[in-house]
Amino acid sequence: MRLCYSSASEDLGCRRGDFSRKHYGSVELLISSDADGAIQRAGRFRVENGSSDETSDYTPGTWRRTDVHLENPEYHTRWFFKYFLGKVHQNYVGTDAEKNPFYLSVVLSDQNNQRVPQYRAILWRKNPLYHVSFFCVILWAICLPLILHPVIFFFITTSSTPPFPPVLIPSAMNMDRFEKGPREILNPEIQKDLLVLEEQEGSVNFKFGVLYAKDGQLTDDEMFSNETGSESFEKFLNLLGDTITLQGWAGYRGGLDTKNDTTGIKSIYTVYQGHELMFHVSTMLPYSKENKQQVERKRHIGNDIVTIVFQEGDDASSSFKPSMIRSHFTRILHIDNDCQRNEVVIREIFSEESVPLFGPPLPSPPVFTDHHEFRDFLLVKLINGEKATLETPTFAQKRQRTLDMLIRSLYQDLMPDLHKNMLNRRSFSDVLPESPKSARKKEEARQAEFVRIGQALKLKTIVRGDAPTSLVTTGLCRKEPWESQSFCSTFPYEIVCADSWGQSLLVATDTAGVMLLDGETLPPVQVFDKTMVVKQMHVLEPQDLLITRADKGKDARLYVFRLSTLKRGLEERQLVRSKCDSRENKLEKTKGCHLYSINTHHGSELRIVAAIRNKLLLITRKHPRFEGFSAVAPGADSPVEEFQYIREICLCDPPVVMALVDGPTGENDNMICVAYKHQFDLINESTGDAYRLHHVDANRVNFVAAIDVYEDGEAGLLLCYNYICYYKKVCPFNGSTPMIQSNTSDFHFSWNQMPNAIVCAFPYILAFTTDSIEIRLVVNGNLVYTAVVPELQLASSRVSIFYTDPLWYQAFPVHV
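Keep in mind the model is a prediction, meaning the values are calculated, not measured. (Residues numbered from 1 in each chain as written. Predicted model: local features only at pLDDT ≥ 70, side-chain atom pairs only at ≥ 80, totals over all residues. Heavy atoms only, no water.)

Undergrad: Where do I start with the overall build of the protein in this structure?
TA: Tallying secondary structure elements over the protein gives 12 helices and 46 strands in all. Relative to its full complement of 816 residues, the protein shows a buried share of 55%. Nonlocal contacts in the protein, meaning residues at least 24 apart in sequence, comprise 60% of its contacts between residues at least 6 apart. A total of about 36,300 Å² of accessible surface is found on the protein, and carbon and sulfur atoms cover 50% of it. (Helix = DSSP H or I, 4+ residues; strand = E, 2+ residues; numbered from the N terminus. Buried < 20%, exposed > 50% of the residue type's maximum accessible area, 1.4 Å probe, protein only. Contact = heavy atoms within 4.5 Å. Areas by Shrake-Rupley, 256 points an atom, 1.4 Å probe, with all protein chains shown as cover.)

Next comes the structure, spelled out in structure tokens:
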């Protein structure tokens, strides 16, 4: 078994205040006025200005560029074009219970050439498109839609049985019943129609406006009338991309004329992470002396969703307001200052209030000393901004209406052929992975023609400039914070739980006891023998403590050990401890404990809550031992006497998940979050009173975690269950009663697959599923990366993240 280590959470548990959504700006009412002070226009915008505390110690250039990611990378990437077109796949048509037509496309591929079978599916229906990916490593695999819409399940079996069990189809497509069941469309020309449907989702390529403004210019007419830019503006354009000649240009043109020079002679273009970007630069678009409003320039830049405003002058940010730019579109406006002294300063970033949060957050202060880092930040911010804007009601509703109209039109075109050979008479669930031998040659010929037409359509789309011509990225090659490395490649036991101890890892197994791993170089060291069956553990080095829950059922108990005592025993090569040797380390009243939790804020008093069936036992440490504390007195090797029992709290049901929440004062306002039945409750530690925090509306609930996070010094919780992560603020406290109510800061998002464990490592939140690690941003739930790791298991995540990768056996066999 291979143990992998990831650096994504090196300071996990120490960045509690960094969760704050204010890193992404605050919403303000901005008013623009003319030279006489009269109000012209006003609007509510989110403003990012990279402001920081004047007392903070910050050196330009220390900003973490690893926080720059394209969010939701599979959005607007044309799944059908990228994964289906030109490959053998199946397309189906049917109508739901409300007689709304839908189309379904399914393709089987190898995920990242790792010999992991993966199905991808697109459901085209009245609502926005559903993109689904799932693996087929074990007998049954399950997945969720990538886009955050109502849940859709697909159950897929291995090749020994039909891939789509008919009894599961209604639940698979979130429909109670079909009006007409799905039928396979054999005509290869359907690919052309589905390609048109996909174009409604959004472009794979992007066009952005760049508006040059001189110092003191306060109206868009003045800004659009600048014939040329300054030297610093030219340097800025060189950072954005390459200057290309429009006439004869064969790549993505972003609406510019590439034949007759009616939109200018040159423009700025680049390719970034598979996306082609064309910039509409105001000084490169045609200028008219007779037209003061410069309609030709406004026609392009005014229709761009995202616009960069490059304004000269040291006081540019105080005078510019986004409402100065008149447009009927939802827009994000980006203010940039001149490039001087080898520094680039971003003054402010504006986005309309309706635009969802998007990253990366502006560094504080917003100064870039590395032009490559600035370029990465800017291009990613622009792309993320346009994607976020397309999710606003203005764009989403328009896209949904267009898609619905096209789906119905296509269905009407297919109606005359419903009983002809164009549609397969077999039902959706009867299609086998392989055709019978008698029809194999005919099927192979049909598939060859299907692929030929698909590849021709793909080439035509690329030549037309509606798809990326290259996956080459102009971004810097960098090590991502979640990139893992092998920690121990020869550990032969299944890990039940683990925790970091210095540079080592303390691991518990069911068959070999507890061992200390020091990585690849040293063999495992036995700490406890197999009589000590540990199910849960915490290593608290600052307090010189090891807390464990050992055994199960009625024999389960909590044990506490001094790390210094264990370490001394290892150094002196004493006998391996057994369960019998640990009798003095038992917390007696914890007999039958099936779950425990500790507070993660180690600056306060250590608190433990132990769950014994439906009873909570609250325990605190009377005399915490911090690092540097005096040596342990002879005979005081066990810290049991330092713990005291505070109270018992009875619940209506045994808790499945628990988390301790620190109150702002620590005086009668500490809370316990518990999950059971169909709800999350908050329990006041002092009074035992319960308050309903969140009710889960689902027939079956799989509770995963409750993670305590802090925003602006106030407690909040990430409630994780099924495929959902729900953020809920639970402070401020009103006396002993928490203020639990709907808040504008509350939000939720969905995972693509059912998590087995969830880890919060700011600014990321990671879901460990059966076959993958899904990495999203805490602040908005947007996906940034999915790592395919079949059959992985999370081992430890409190300080650093360790996980096992059993597939290592297949590539490099070892003796077990």
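Read on, since the account is not over.
Undergrad: Looking at this structure, how should I read helix H10 (residues 440–463)?
TA: The end-to-end C-alpha separation of H10 is 34 Å, in line with the 34 Å expected for 24 residues at 1.5 Å each. For H10, the set of buried residues is Glu-443, Phe-450, Val-451, Ile-453, Gly-454, Leu-457 and Thr-461. The secondary structure elements touched by the buried residues of H10 are helix H1 (79–84), strand E4 (90–96) and helix H3 (190–198). (Expected span 1.5 Å × (residues − 1).)

Undergrad: I'm lost on the sheet that holds strand E21 (residues 514–517) in this one. Help?
TA: What links the strands of a sheet is backbone hydrogen bonding, and the strands pair in either a parallel or an antiparallel sense. Pairing in this open sheet of 4 strands is antiparallel, and the strands run E19-E20-E21-E22 from one edge to the other. For this open sheet the edge positions go to strand E19 (495–501) and strand E22 (525–528), each flanked by a neighbour on one side alone. Within this sheet the neighbouring strands show an average axis-to-axis angle of 30°, counted without direction. In this structure, E19 lies alongside strand E20 (residues 504–509), joined through 6 bridges in antiparallel fashion. Looking at E20, one finds that Ala-498 is bridged to Val-507. On the sheet, helix H11 (residues 563–571) packs against E19, E21 and E22 and is oriented at approximately 135° with respect to E22. (Pairing = 2+ DSSP bridges. Axes fitted to C-alpha atoms, helices over the stretch in contact; angles between N-to-C directions.)

Undergrad: Sorry, what's going on with the nonpolar core here?
TA: Generally speaking, a soluble globular protein has its nonpolar side chains buried in company with each other. Counting 34 residues, the largest nonpolar core has Val-210, Phe-236, Leu-240 and Phe-279 as the members making the most contacts within it. Only strand E9 (206–213), helix H5 (231–240), strand E11 (266–272), strand E12 (275–281), strand E13 (306–311), strand E15 (344–352) and helix H8 (371–389) provide two or more residues apiece to this core. Sorting elements by how many residues they give to this core places H8 first, with 7 residues. In this structure, this core is formed jointly by two domains, domain 1 (21–51 + 204–390) and domain 2 (67–140 + 162–202 + 392–419), each of which donates at least three residues. In contact with Val-210, other than residues within four places in its own chain, are Phe-233, Phe-236, Leu-237, Leu-240, Phe-279, His-280, Val-281, Ser-282, Ile-301 and Ile-308. By size, the runner-up hydrophobic cluster in this structure holds 23 residues, among which are Phe-80, Phe-84, Leu-85 and Tyr-103. (Core = buried A, V, L, I, M, F, W, Y, C linked by side-chain atoms within 4.5 Å. Domains from an automatic or database assignment.)

Undergrad: Explain the pairing of E12 to me, please; I cannot follow it from the model alone.
TA: The side chains of a regular strand alternate, first on one face of the sheet and then on the other. With 7 of its 7 residues buried, E12 lies for the most part within the structure. Side chains of E12 alternate between two faces, with His-275, Leu-277, Phe-279 and Val-281 and Glu-276, Met-278 and His-280 buried alike. Where E9 meets E12, 5 bridges bridge the pair, whose relative direction is parallel. From the neighbouring strand, Gly-209 faces E12, where its bridge partner is His-280. In the sheet, E11 pairs with E12 via 5 bridges, with the strands oriented antiparallel. If you follow Tyr-272 over to E12, its bridge partner there is His-275. Here E11 folds back onto E12 in antiparallel fashion, the turn holding 2 residues, of which Gln-273 has a positive phi close to 50°.

Undergrad: Help me out: how do you make sense of the state of the cysteines in this one?
TA: In a disulfide, the sulfur atoms of two cysteines are held together by a covalent bond. All chains considered together, the criterion is met by 0 disulfides. Left unpaired, Cys-760 is separated from the closest cysteine sulfur, that of Cys-720, by 8.7 Å. Look at Cys-760 and you get buried, because its relative accessible area is 17%. (Disulfide = S-S within 2.5 Å.)

Undergrad: What's the story with the packing of H3 against H10 in this structure? I'm lost.
TA: The geometry of H3 relative to H10 is characterised by a closest axis approach of 9 Å and an angle of 35° between their N-to-C directions. Crossing of H3 over H10 shows right-handed handedness. Contacts between H3 and H10 involve Gln-191, Lys-192 and Leu-195 on the former and, on the latter, Phe-450, Ile-453, Gly-454, Leu-457 and Thr-461. Partitioning the contact of H3 with H10 into residue classes produces 4 nonpolar, 3 polar and 1 charged. (Left-handed = near helix turned anticlockwise from the far one by under 90°. Nonpolar A, V, L, I, M, F, W, Y, C, P; charged D, E, K, R; others polar.)

Undergrad: I tried to follow the pairing of strand E27 (residues 595–598) on my own but got confused; where do I start?
TA: Alternating residues of E27 divide into Leu-595 and Ser-597 and Tyr-596 and Ile-598, and every residue in both groups is buried. Of the strand pairs in this sheet, E27 and strand E28 (residues 607–612) are connected by 4 bridges, and their pairing is antiparallel. Its bridge partner being in E28, Tyr-596 is matched across the sheet by Ala-610.

Undergrad: I keep staring at the packing of H3 against helix H9 (residues 393–414) and nothing clicks. Help me out?
TA: Between two packed helices, both the angle of their axes relative to each other and the distance between the axes serve to describe the pair. Relative to each other, H3 and H9 sit at 165°, their axes nearing to 10 Å. On the basis of their axis angle, the class for H3 and H9 is roughly antiparallel. The interaxial crossing formed by H3 with H9 has right-handed handedness. For the pair H3 and H9, the contacting residues are Ile-190, Asp-193, Val-196 and Leu-197 in the first and Leu-403, Leu-406, Ile-407, Leu-410 and Leu-414 in the second. (Parallel < 35°, antiparallel > 145°, perpendicular 65-115°, else oblique.)

Undergrad: Any chance you could explain unusual backbone geometry here in plain terms?
TA: With the exception of glycine, the majority of residues adopt a negative phi angle, and the majority of peptide bonds are in the trans configuration. Residues Gly-359 and Pro-360 are joined by a peptide bond in cis, for which omega reads 5°. The residue Pro-360 is located in the loop between E15 and strand E16 (367–368) in this model. With phi around 60°, Asp-261 is a residue other than glycine that occupies positive phi space. The residue Asp-261 is located in the loop between strand E10 (242–245) and E11 in this model. Phi at Gln-273 is positive, roughly 50°, even though this residue is not glycine. Its place among the elements puts Gln-273 in the loop between E11 and E12.

Undergrad: Where do I start with the environment of Ile-407 in this structure?
TA: Position of Ile-407 among the secondary structure elements: in helix H9. Separated by 282 residues in the primary sequence, Ile-407 and Arg-125 have C-alpha atoms spaced 7.1 Å apart.

Undergrad: Looking at this structure, how should I read the environment of Ile-305?
TA: Examined against the element boundaries, Ile-305 turns out to sit in the loop between helix H6 (295–301) and E13. Exposure remark for Ile-305: the relative accessible area of 9% places this residue in the buried category.

Undergrad: Hey, could you run me through H8 in this one?
TA: What sets the pattern is the α-helix's 3.6 residues per turn: residues three or four places apart point alike. Helix length check: H8, at 19 residues, gives a terminal C-alpha distance of 27 Å against a target of 27 Å (1.5 Å per residue), a fit within 8%. H8 sits mainly inside the fold: 17 of its 19 residues count as buried. The opening residue of H8 is Asp-370, an N-cap whose side-chain oxygen sits 2.8 Å from the backbone nitrogen of His-372. (Polar contact = N/O pair within 3.5 Å; in protein donor to acceptor, adjacent residues only side chain to side chain.)

Undergrad: Sorry, what's going on with the sheet that holds strand E43 (residues 772–777) here?
TA: Read from one edge to the other, the open sheet built from 4 strands follows the order E41-E42-E43-E44, with strand pairing classed as antiparallel. Bordering the open sheet on either side are strand E41 (757–761) and strand E44 (783–788), each of which pairs with just one other strand. Strand after strand, the sheet turns through a mean of 15° between neighbouring axes, direction not considered. Where E41 and strand E42 (residues 764–768) come together, 5 bridges link them in antiparallel fashion. Across the sheet, the residue bridging to Ala-761 is Tyr-764, located in E42.

Undergrad: Would you mind showing me how to read the pattern of salt bridges here?
TA: Once their charged atoms are close, side chains differing in charge can pair, the charge on each being opposite to the other. Scanning the model with the defined rule gives 22 salt bridges in all. Notably, a salt bridge pairs Arg-299 with Glu-296, separated by 2.7 Å at the nearest N-O pair. Here Arg-299 pairs with Glu-296, and both are found in helix H6, just 3 residues apart, close to one helical turn. Between Asp-551 and Lys-579 there is a salt bridge, with the nearest N and O atoms lying 2.7 Å from each other. (Salt bridge = Lys/Arg side-chain N within 4 Å of Asp/Glu carboxyl O.)

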